[in-house]
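Okay, here's what each chain looks like letter by letter:
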Amino acid sequence: MKITVNGEEREVKEGTTIKELVDQLGIKAPNYAVAVGMEVIPKSEYETYRLKEGDRVEIVTFVGGG
């Protein structure tokens, strides 16, 4: 199925969870946030929230500094 991740179209298998997507993308940052559409998804739901055809996913990582 096709979804959009941070503005780029991607092909993922049907029923992919947010956790699986993050793993596929190789995101290793300890702190990140995920929104699907305009809704921020709680981290507690990353392993169970299943993406659907056409979803628009935004993944933001937090970088510290000064």
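Quick notes on the rules
Residues numbered from 1 in each chain as written. Predicted model: local features only at pLDDT ≥ 70, side-chain atom pairs only at ≥ 80, totals over all residues. Heavy atoms only, no water. Helix = DSSP H or I, 4+ residues; strand = E, 2+ residues; numbered from the N terminus. Buried < 20%, exposed > 50% of the residue type's maximum accessible area, 1.4 Å probe, protein only. Contact = heavy atoms within 4.5 Å. pLDDT = per-residue confidence, 0-100. Pairing = 2+ DSSP bridges. Axes fitted to C-alpha atoms, helices over the stretch in contact; angles between N-to-C directions.

Peer 1: Explain the side chain of Thr4 to me, please; I cannot follow it from the model alone.
Peer 2: Within the secondary structure, Thr4 sits in strand S1 (residues 2-5). Assessed through its relative accessible area of 13%, Thr4 is described here as buried. Not counting the four nearest positions on each side in its chain, Thr4 is found in contact with Glu9, Asp55, Arg56 and Val57.

Peer 1: Please explain the confidence of the model for the protein chain as it appears in this structure.
Peer 2: Interpreting fine coordinate detail is not advised for predicted regions of low pLDDT. In this model, the protein chain carries a mean pLDDT of 94, and residues with pLDDT of at least 70 account for 97%. Mean pLDDT across the elements of the protein chain bottoms out in strand S5 (residues 56-61) (96) and peaks in S1 (98).

Peer 1: Looking at this structure, how should I read the sheet that holds S1?
Peer 2: Hydrogen bonds between backbone groups are what pair the strands of a sheet, and the pairing can be parallel or antiparallel. An order of S2-S1-S5-S3-S4 is seen for the 5 strands of this open sheet, with the pairing classed as mixed. Bordering the open sheet on either side are strand S2 (8-11) and strand S4 (39-41), each of which pairs with just one other strand. Each neighbouring strand pair of the sheet contributes to a mean axis angle of 35°, computed without reference to strand direction. Where S1 lies against S5, 2 bridges are found, and the strand directions are parallel. Following the sheet pairing, Val5 is matched in S5 by Val57.

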